[in-house]
Amino acid sequence: MKLLLLLVAIGLCSAQYNPNTRAGRTSIVHLFEWRWDDIAAECERYLAPNGFGGVQISPPNENVIVSNPWRPWYERYQPISYKLCSRSGNEQQFRDMVTRCNNVGVYIYVDAIINHMCGSGMGVGTHSTCGSYFNTGSRDFPAVPYSSWDFNDGKCRTGSGEIENYGDIYQVRDCKLVGLLDLALEKDYVRGKIAEFMNNLINIGVAGFRLDAAKHMWPGDLKAITDRLTNLNTRWFPSGARPFIYQEVIDLGGEPISSSQYFGIGRVTEFKYGAKLGTVIRKWNGEKMAYLKNWGEGWGFMPNDRALVFVDNHDNQRGHGAGGASILTFWDPRSTIKLTTLLRFPDQNDWIGPPSYSDGSTKPVTINADTTCGNDWVCEHRWRQIKNMAIFRNVVDGQPFSNWWDNGSNQVAFGRGNRGFIVFNNDDWYMDVTLYTGLPSGTYCDVISGQKEGGRCTGRQITVDGTGKARFQISNNDEDPFAAIHVDAKL
Ligand code: QV4
Ligand code: CA
C-alpha cells in the first residue's frame, strides 16, 4: 500500500492509530499559537464548511514566561503545571473551544509536553502563565506537585547533565534536552500525574495528542502512560473510541533510536516525507518528480498506517530540530495530512512569538475582506490552493492511486480512482500534453488557478472527453505550475 492511499476509513483501524476525524475529513491544520476563542470561531466559520478534520493546538497547560525581552513562541514548550492557562486562553475558553469545534465536527489534538518541565535555568518565582510558583534549583513544581524525586538527575550519566550524543539511547532518554528538566517517567507517581492531565483533556472532549519529544522518552514508559488513558468523550465520539496518538520522533536515519520502536504506542511523525519532498521539488541531488511514482513506503518511509505526514512543522520551518535545508515552506498537495498555519517571522528571528500587544498578550486573529487573516497572522490554510487541495483529498478519499504519467523529468500527473486528477510542471519548459484522467467526461474547474463559484469557474477550465482524456497546458512560468480537477469541481 502506498502513502497515496489515505488514512484507512474510520472504524477499520484500531485504537490510537485512528485519527478519529469525521468520515470524509482527511486533514488536520496546526493553528500554532492561536487563541482558543479564535480557534472556536475558525472551526465554525471556516474549517467545518471547508471539510477540515481537526486542529493541532499549541500546548494548553501552564508554562514559564520567558522574557527575551519579548516572549518567544518556545516558552510554551516549558511546562510549569498541568493547569489549563496559557497565552491562548484560560480553562473556560479552552472548554468552549473544544465544545464548539466538536459540535461542528472539527476535532482538537493537543500538543502534550510530558518529557520535561521548564529549563533548568528558569529560576524561582511565579513568572508562569497561571502564576504558579516554581523553583528550578530545588526542582519544585508545587502546582503539580513534582519535587526533586520526580526528575532524572540521578539517572543521567553525562557530565553536563545534557544530551551530548544522540548515538547513546540512554542519554537521549534520561538526560536533559536543551536544559529542560527531565521527568522520571518510570515512576508510577509521575505516570499518574501525566495520565491525569491527559484524561482531563479527554474528558473535556479532545480527540488525541501529539507527544512532544517522544524520542526522549522510553517506549515502555509511553506505553504505560497511554494505557492509562480513558476512552474519548461519548458526547461526540463512539463508545470505546481511543485517543489518537502521534509521536514526535525525528528519524532521518543514522541514529539508534528509530520510529519503529514507537509503533506499538501510536503513529509517528514522518520527517523523511518533508525532507525528501523538498529535495525533489528543489531538484537537489539529481532528484526529479518522475521518481515520485512510488512515493511513500517505496522511498523507505514508515508504513502508511503508522505515519503522520506533513511538509513542514513549527520547528523545521524556523531552523529548530532536524529536517534540513530542503524543507519546503509551501504545501504539497499530494499526501499531506497535517498543515501548519504559522507565524510571520523575519529570517533572523527564529524565536518570534505570536502577534502580541505590549503587555505580551496575544492579538486576536482578524479576518480581512478578501478572507485572508489580519493583525499580522498568516493563515496558510485559507489560501485558495491549500484549502482546495484539502477538499481534493476529501473528495478522493479511499480511491486508489491511478493513471500515473511522467515525462521522465519533472512533469508528472496522476489520479485517485476516477474522482480526481492532478498535473504538475516543475520543468523549465512549457507543458502541453493530453492525458488519460479516468474522470467522467465533462468540463471541470481547475481548483488551483481558481475554483467553482455558483456554477462558474474562476480559473482555467479543463475538458475531459468521452474517452476520459484531457489536454493540459501548464506554463513553467505560471504562479502555480500545476492543475487539479475532481468530480465535485465539475461544471
Ligand atoms: C539553553 C541552552 C542549553 C542550556 C539551557 C539552560 O541551549 O544548552 O542547558 O539553556 O537552561 C529553549 C532555547 C534553548 C534553551 C532551552 C531551555 O531555545 O536555547 O536551552 O529553551 O531554556 C522548543 C524549541 C527549543 C526551546 C524549547 C523549550 O525548539 O529551542 O529551547 O522549545 O522552550 C530535537 C528533539 C525534538 C525537538 C527538537 C527541537 O528530538 O523533540 O529538538 N522538538 C520538540 C518541539 C520543540 C520543542 C521541544 C521538543 C522541547 O517540537 O518545539 O523545543 O519541548 O530534535
Ligand atoms: Ca527524557
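For clarity, every value in this text was computed on a predicted model and none was experimentally measured.

Q: Tell me about the overall build of the protein chain, and please be specific about residues and values.
A: Counting its regular elements, the protein chain contains 7 helices and 22 strands. Relative to its length of 491 residues, the protein chain is compact, with a C-alpha radius of gyration of 23 Å against a globular reference of 23 Å. Overall, the C-alpha framework of the protein chain stretches about 75 × 50 × 45 Å when taken along its three principal axes. Put simply, the protein chain has 491 residues, and 60% of those count as buried. Intrachain contacts of the protein chain at a sequence separation of at least 6 include 67% that bridge at least 24 residues. As displayed, the protein chain offers around 18200 Å² of accessible surface, 48% of which is attributable to carbon and sulfur atoms. Charged side chains of the protein chain number 50 positive and 52 negative; the gap between the two group centres comes to 5 Å.

Q: So, the packing of aromatic side chains: which residues are in play, and what are the values?
A: The description of an aromatic ring pair uses the distance of the two centres, along with the angle that the planes make with each other. In total, this model carries 26 aromatic pairs according to the counting rule given. For the pair Phe244 and Tyr246, a centre-to-centre distance of 5.3 Å together with 35 degrees between the ring planes defines the contact as tilted. Each member of the pair, Phe244 as well as Tyr246, carries the same accessibility label: buried. Members of the aromatic cluster, joined through ring pairs, are Tyr82, Phe134, Phe141, Tyr146, Phe151, Tyr189 and Phe197. One residue, Arg173, lies across the ring of Trp218, its end atom 4.6 Å from the ring centre. Note that Arg306 overlies the ring of Tyr17, its terminal NZ or CZ placed 3.6 Å from the centroid.

Q: Explain the site of ligand 1 to me, and be specific about the residues and the numbers.
A: Taken together, 23 residues lie around ligand 1, and Tyr74, Glu162, His216, Asp315 and His320 are the ones closest in. His116 is positioned such that a nitrogen or oxygen atom in its side chain is 3.0 Å from an oxygen atom of ligand 1. Here an oxygen atom of ligand 1 and a side-chain polar atom of Asp212 are 2.7 Å apart. Across the complex, the protein chains shield 76% of the 940 Å² of accessible surface that ligand 1 would expose by itself. Spatially, ligand 1 is embedded in the largest pocket.

Q: Please give an account of the coordination of the calcium ion (ligand 2) that cites residues and values.
A: The coordination sphere of the calcium ion (ligand 2) contains the protein donors Asn115 (OD1), Arg173 (O), Asp182 (OD), Asp182 (OD) and His216 (O), at a distance range of 2.4 to 2.6 Å. Mapped onto the sequence, the residues coordinating the calcium ion (ligand 2) show the spacing N-x57-R-x8-D-x33-H. Here Asp182 lies in strand E7 (residues 180–182) and Asn115 lies in the loop between strand E3 (107–112) and strand E4 (116–119), a separation of 67 residues in the sequence.

Q: Describe the pairing of strand E14 (residues 411–416), and please don't skip the residues or the numbers.
A: E14 sits mainly inside the fold: 6 of its 6 residues count as buried. Going residue by residue along E14, you find Gln411, Ala413 and Gly415 tucked away on one face and Val412, Phe414 and Arg416 tucked away on the opposite face as well. The antiparallel pairing of strand E13 (residues 401–406) with E14 creates a hairpin that spans 4 residues between the two strands, and Gly408 there sits at a positive phi of about 80 degrees. Inspection of the sheet shows E14 paired to strand E15 (residues 420–425) by 6 bridges, in the antiparallel sense. Looking at the pairing, Phe414 lines up with Ile422 of E15. The antiparallel pairing of E14 with E15 creates a hairpin that spans 3 residues between the two strands, and Gly417 there sits at a positive phi of about 55 degrees.

Q: Tell me about the confidence of the model for the protein chain, and please be specific about residues and values.
A: Looking at the protein chain as a whole, its pLDDT mean stands at 92, while 92% of the residues score no less than 70. Every residue in residues 1–13 scores below 50 in pLDDT, and together they form 37 contacts with partners more than four places removed in sequence or on other chains.

Q: Quick one: what's the story with the nonpolar core, residue by residue and with numbers?
A: Ile39, Phe94 and Phe209 are the most contacted members of the largest nonpolar core, which has 111 residues in total. When residues in this core are grouped by element, the largest group, 7 residues, is from helix H4 (residues 188–204). When near neighbours in sequence (up to four residues on either side) are disregarded, Phe209 contacts Val110, Ala112, Met198, Leu201, Ile202, Leu229, Pro243, Phe244, Ile245 and Tyr246. Formed by 15 residues, the second largest nonpolar core is a distinct cluster that contains Val423, Tyr444, Val464 and Phe472.

Q: Describe in detail the state of the cysteines, supporting the description with residues and values.
A: Taken as a whole and assessed by the stated rule, the structure comprises 5 disulfides. Between the sulfur atoms of Cys43 and its disulfide mate Cys101 the distance is 2.1 Å. With the S-S dihedral at roughly 90 degrees, the linkage between Cys43 and Cys101 falls on the right-handed side. Of this pair, Cys43 sits in helix H1 (residues 36–47) while Cys101 sits in helix H2 (residues 91–103); the two residues are 58 residues apart in sequence, bridging distant segments of the chain. For Cys43, a relative accessible area of 0% translates into the label buried. Take Cys101: its relative accessible area is 0%, and that puts it in the buried class. Cys85 shares a disulfide with Cys130; S-S distance 1.6 Å. Handedness here is read from the sign of the S-S torsion; for Cys85 and Cys130, about 130 degrees, the answer is right-handed.

Q: Summarise the layout of surface pockets; cite the residues concerned and give the values.
A: Counted as a void, the largest pocket has a volume near 660 Å³. What lines the largest pocket is a set of 31 residues, among which Leu177, Val178, Glu248, Asp315 and Gly321 lie closest to the centre. Tallied by class, residues from the lining of the largest pocket come to 14 nonpolar, 11 polar and 6 charged.

Q: Run through helix H5 (residues 219–227), naming residues and quoting values.
A: For H5, every residue scored as buried is listed here: Pro219, Asp221, Leu222, Ala224, Ile225 and Thr226. Next to the buried residues of H5 lie helix H3 (169–174), H4, strand E8 (208–211) and strand E9 (244–247).

Q: Account for the pairing of E3, naming residues and giving values.
A: Taking burial as the measure, the 6 residues of E3 include 6 buried ones, the bulk of the element. Residues of E3 alternate between two faces, with Tyr107, Tyr109 and Asp111 on one and Ile108, Val110 and Ala112 on the opposite face, all of them buried. Two strands pair when backbone bridges link them, and strand E2 (residues 54–57) and E3 are joined in this way by 4 bridges, in the parallel orientation. Paired with Gln56 across the strands is Tyr109, a residue of E3. Following the backbone out of E2, through H2 and into the adjacent parallel E3, one traces a crossover that is right-handed.

What counts and how
- Residues numbered from 1 in each chain as written.
- Chains lettered and ligands numbered in written order.
- Predicted model: local features only at pLDDT ≥ 70, side-chain atom pairs only at ≥ 80, totals over all residues.
- Heavy atoms only, no water.
- Helix = DSSP H or I, 4+ residues; strand = E, 2+ residues; numbered from the N terminus.
- Rg over C-alpha atoms; globule rule 2.2 N^0.38 Å.
- Buried < 20%, exposed > 50% of the residue type's maximum accessible area, 1.4 Å probe, protein only.
- Contact = heavy atoms within 4.5 Å.
- Areas by Shrake-Rupley, 256 points an atom, 1.4 Å probe, with all protein chains shown as cover.
- Lys, Arg positive; Asp, Glu negative; His and termini not counted.
- Charge placed at Lys NZ, Arg CZ, Asp CG, Glu CD.
- Phe/Tyr/Trp six-rings, centres within 6.5 Å; stacked < 30°, edge-to-face > 60°.
- Lys NZ or Arg CZ within 6 Å of the ring centre and 35° of its normal.
- Near = heavy atom within 4 Å.
- Polar contact = N/O pair within 3.5 Å; in protein donor to acceptor, adjacent residues only side chain to side chain.
- 1 Å grid on protein atoms, 1.4 Å probe; cavity = no way out; pocket = protein on both sides within 12 Å on 5 of 7 lines; lining within 4 Å.
- Sits in = over half its atoms within 2 Å of the grid points.
- Donors = N, O, S within 2.8 Å, 3.2 Å for Na, K, Ca; no water.
- Pairing = 2+ DSSP bridges.
- pLDDT = per-residue confidence, 0-100.
- Core = buried A, V, L, I, M, F, W, Y, C linked by side-chain atoms within 4.5 Å.
- Disulfide = S-S within 2.5 Å.
- Points joined across faces, edges and corners; volume = space filled by probe spheres on them.
- Nonpolar A, V, L, I, M, F, W, Y, C, P; charged D, E, K, R; others polar.
- Right-handed = clockwise from strand over helix to strand, strands pointing away.

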